[in-house]
Amino acid sequence: MSSCLVAPPWPCSSMAEAKQHHSLLLRLGLSADNHAVSGIFTFCSLSKHGNLNYALKLFTTLPNPDTFLYNTLFKAFSISHTPSLSLLFYSHMLQRSIAPNSFTFPSLIRTCKLQQEVKQLHAHVLKFGFGADTFALNNLIHVYFAFGSLDDARRVFYTMPHPNVVSWTSLVSGYSQWGLVDEAFRVFELMPSKNGVSWNAMIACFVKSNRFREAFDLFRRMRVEEVEVDRFVAATMLSACTGVGALEQGKWIHGCVERNGIVLDSKLGTTIVDMYCKCGCLDTAFRVFCGLEVKGVSSWNCMIGGFAMHGRGEDAIRLFREMEEEGMVVPDDITFVNVLTACAHSGLVEEGFYYFRYMVDVHGIEPTKEHYGCMVDLLARAGRLEEAKKVIDDMPMSPDAAVLGALLGACRIHGNLELGEEVGKKLIELDPGNSGRYVILGNIYASCGKWEEVAGVRKLMNERGVKKEPGFSMIEMEGVVNEFVAGGRDHPLAQVLYAKVYEMLEAIRVFGYVPDTDGVLHDLVEEERENPLLYHSEKLAIAYGLLKSKRGETLRVTKNLRVCKDCHQASKLISKVYDCDIIIRDRNRFHHFSNGECSCKDYW
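The structure presented is a predicted model; accordingly, all values stated were derived computationally and were not measured.

Some remarks on the sheet that holds strand E3 (residues 555-559)
The strands making up a sheet associate through hydrogen bonds between their backbones, and the pairing can be parallel or antiparallel.
Step number 1: The strand order across the open sheet formed by 6 strands is E2-E1-E3-E4-E5-E6, and the pairing between neighbours is mixed. Since the sheet does not close on itself, it has two edges, and those belong to strand E2 (480-485) and strand E6 (597-598), each with one partner.
Step number 2: In terms of strand pairing, strand E5 (residues 590-594) meets E6 through 2 bridges, oriented antiparallel. Note on E6: the bridge partner recorded for Ser594 is Glu597.

Right under this line is the structure:
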């Protein structure tokens, strides 16, 4: 009996045991004693083996519940599916003249669904004398940011008598949440002390905003200051490595996870798999995937998607079948997006149709815009443009920019002016700020000699203030990520670099290279059309890689746009002439260039 009445934090391991203890208290006449029932009540409310409904029934039998029991309920509601009940019970608590304490408000504040509720609780924090309570104020900062009340969040922070590291980190995270990266960094630099969570919050802020260089710089500072790399920092930095294709740093972080004995759960394991996939090391990604003790659906999706983006459609389908055979995880809608993408990138048209039907008939998954987009892409890449158009016309929902964009790009490749013009005009109205839509439509017109229409597209871009998205490429050499912009000359080795580009292109001209100006608007004179191609960002990145590597080493380049036909052809020949493998990850997929050939077999 004594083990039941002493409750740090609860005396039971199952609901059956809790009910036995409750029955004993009833027989002893102690069922109305707050202290006696507190252990059972806490177990029922907060344990994953408990039962909140039973706790509520137990609560209603107590004639005089105290603040501790109410606080336990508030915490339980805050992690339940019915958080709004907290405020109802808080109202009951006040009606019974039961005073809140310092443990009352943190849980309550987190359950607010309306901004007005937060302000009312904020008033109560002050009214009941907790205006200096750091825990309550930290939660107010968090929730004010969640509601977008940045001024209120700032006001709470700057009136705190003793903000702690959590307070400062909440401010950094709040600014990050709303994209105020520079403001977040200013606060981070002002922090009197930092912990691992603080560093991770700021690094994650940079990564979320695609400011990867600053994320790497901050991570280097963190290592210099000997802050421990935990699983959260590791996951964030792996995402940064994924964003820029920084394989060497990704390998180092993976090694750090292993050296520090960080538990490789399904989520972190999937992040590592994703990093290797998107840094061009598919075989390593697959080895890590196979070694995961627990594979969630996201793990399977990640690996299937990895095969898809590398153009290994058969391997993606084979892995999907293995996923079904194991039967431990049920495929979801993302699984089929990846399977259909794999079919599209590999020209597996019939297989794509099969799995589109299979998704509905076997797994009962209704197609979304993403699935229809994959089917449009599948057919359009194969030149079956009218069938792709029919898929769009038969969709049960309006097509979005991604769906129409897949068809427009194919119209450009396959030279279908009429359909391209129709789709392009719709797409520009649907996605007016995307420069790529205008460029493709303009090039469709230019390829047919419709110069007035080309001028019209350019005029429309100027009127709407739409600027052509600059192409940039990144390559990691000697642990440093170097970024190159098309035609840019800011790099310290610019002069040597451009000389290398010239040498490189002269070398491949011997093997038949002729600049393909098809992707540049045709109303430019020939010389003007050729020069921009010579200094596309991926050519600059490859030249830098050749300067900094030994013959035969693999070069890995990440590009923000779709690789153009000219750079694709040049990369094939460079791989042959310089006896190196070149892996380029563009906006859509991977291209593995080796000995004059590309893994995509010119199907992209």
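So, the UniProt feature "repeat: PPR" (unreviewed entry) in the protein chain
Step number 1: In the numbering adopted here, UniProt assigns the feature "repeat: PPR" (unreviewed entry) to residues 164-194, 195-229 and 296-330.
Step number 2: Segment residues 164-194 splits into 74% helix and 0% strand. End C-alpha atoms: 10 Å apart.
Step number 3: Annotated as 77% helix and 0% strand, the span residues 296-330 places its first and last C-alpha atoms 9 Å apart.

Considering the domain arrangement of the protein chain
Step number 1: When its domains are assigned, the protein chain resolves into domain 1 (367-469) and domain 2 (472-598).
Step number 2: A separation of 27 Å is found between the C-alpha centroids of domain 1 and domain 2.

Some details on the pairing of E2
Step number 1: Across 6 bridges, strand E1 (residues 472-477) lies against E2 in antiparallel orientation. The partner of Met477 across the bridge, within E2, is Val480.
Step number 2: Connecting E1 to the next strand, E2, in antiparallel fashion are 2 residues, including Glu478 with a positive phi near 55°.

Concerning the packing of aromatic side chains
For any pair of aromatic rings, the description rests on two quantities: the centre-to-centre distance and the angle between the ring planes.
Step number 1: Tallying each qualifying case throughout the model produces 27 aromatic pairs.
Step number 2: Ring centres of Phe145 and Tyr175 lie 5.6 Å apart, and the angle between their planes is 70°; on these two criteria the pair is classed as edge-to-face. Highlighted residues: Phe145 in helix H9 (residues 134-146) and Tyr175 in helix H11 (residues 165-177), separated in sequence by 30 residues.
Step number 3: Note on Phe145: relative accessible area 1%, which makes it buried.
Step number 4: Residues Phe157 and Tyr158 carry aromatic rings whose centres are separated by 5.0 Å and whose planes lie at 85° to one another, so their mutual orientation is edge-to-face.
Step number 5: According to the relative accessible area criterion, Tyr158 is exposed, its value standing at 52%.
Step number 6: Put simply, the rings of Phe41, Phe59, Tyr70, Phe74, Phe77, Phe89, Tyr90, Phe105 and Phe130 touch in pairs and so form one group of aromatic residues.
Step number 7: One residue, Arg489, lies across the ring of Tyr498, its end atom 3.8 Å from the ring centre.

Quick look at the confidence of the model for the protein chain
Step number 1: Mean pLDDT over the protein chain: 89, with 95% of residues reaching 70 or higher.
Step number 2: The element-level mean pLDDT for the protein chain is lowest in helix H1 (residues 2-5), coming to 36, with helix H12 (residues 181-190) highest at 97.
Step number 3: Below a pLDDT of 50 lies the segment residues 1-10, which in the model reaches 19 contacts outside its immediate sequence neighbourhood of four places, other chains included.

Some remarks on empty space enclosed by the protein
Step number 1: Enumeration according to the criterion identifies 1 cavity of 30 Å³ or more in this entry.
Step number 2: Of the volumes computed, that of the largest cavity is approximately 50 Å³.
Step number 3: Lining the largest cavity, in full, are Gly245, Lys278, Cys279, Gly280, Arg556, Val557, Thr558, Ile583, Arg585 and Phe590.
Step number 4: Elements that contribute at least two residues to the lining of the largest cavity include exactly E3 and strand E4 (582-585).
Step number 5: Residue contributions to the lining of the largest cavity peak at 3 residues, all from E3.
Step number 6: For the lining of the largest cavity, the per-class residue count stands at 4 nonpolar, 3 polar and 3 charged.

A look at the packing of helix H3 (residues 34-46) against helix H5 (residues 67-78)
Step number 1: Here H3 crosses H5 at 0°, and the two axes come no closer than 10 Å. As judged from the angle between their axes, H3 and H5 are roughly parallel. The residues of H5 that touch H3, namely those facing Asn34, Ser38, Phe41, Thr42, Ser45 and Leu46, are Phe68, Leu69, Thr72, Leu73, Lys75 and Ala76.
Step number 2: When the residues that make up the contact of H3 with H5 are grouped by side-chain class, the tally is 6 nonpolar, 5 polar and 1 charged.

A few points about H9
Step number 1: Taking 1.5 Å of rise per residue, the 13 residues of H9 would be expected to cover 18 Å, and the 18 Å separating its terminal C-alpha atoms lies within 8% of that figure.
Step number 2: Across the 13 residues that make up H9, a large majority, 10, are buried.
Step number 3: Inspection of H9 places Thr134, Ala136, Leu137, Asn138, Asn139, Leu140, Ile141, Val143, Tyr144 and Phe145 among the buried residues, and these make up the whole buried set.
Step number 4: Close packing links the buried residues of H9 with helix H7 (104-110), helix H8 (115-127), helix H10 (150-158) and H11.
Step number 5: A positive phi of about 80° marks Gly148, the residue just after H9.

Rules and cut-offs
- Residues numbered from 1 in each chain as written.
- Predicted model: local features only at pLDDT ≥ 70, side-chain atom pairs only at ≥ 80, totals over all residues.
- Heavy atoms only, no water.
- Pairing = 2+ DSSP bridges.
- Helix = DSSP H or I, 4+ residues; strand = E, 2+ residues; numbered from the N terminus.
- UniProt positions renumbered as here; feature names shortened; annotations may be inferred.
- Domains from an automatic or database assignment.
- Phe/Tyr/Trp six-rings, centres within 6.5 Å; stacked < 30°, edge-to-face > 60°.
- Buried < 20%, exposed > 50% of the residue type's maximum accessible area, 1.4 Å probe, protein only.
- Lys NZ or Arg CZ within 6 Å of the ring centre and 35° of its normal.
- pLDDT = per-residue confidence, 0-100.
- Contact = heavy atoms within 4.5 Å.
- 1 Å grid on protein atoms, 1.4 Å probe; cavity = no way out; pocket = protein on both sides within 12 Å on 5 of 7 lines; lining within 4 Å.
- Points joined across faces, edges and corners; volume = space filled by probe spheres on them.
- Nonpolar A, V, L, I, M, F, W, Y, C, P; charged D, E, K, R; others polar.
- Axes fitted to C-alpha atoms, helices over the stretch in contact; angles between N-to-C directions.
- Parallel < 35°, antiparallel > 145°, perpendicular 65-115°, else oblique.
- Expected span 1.5 Å × (residues − 1).

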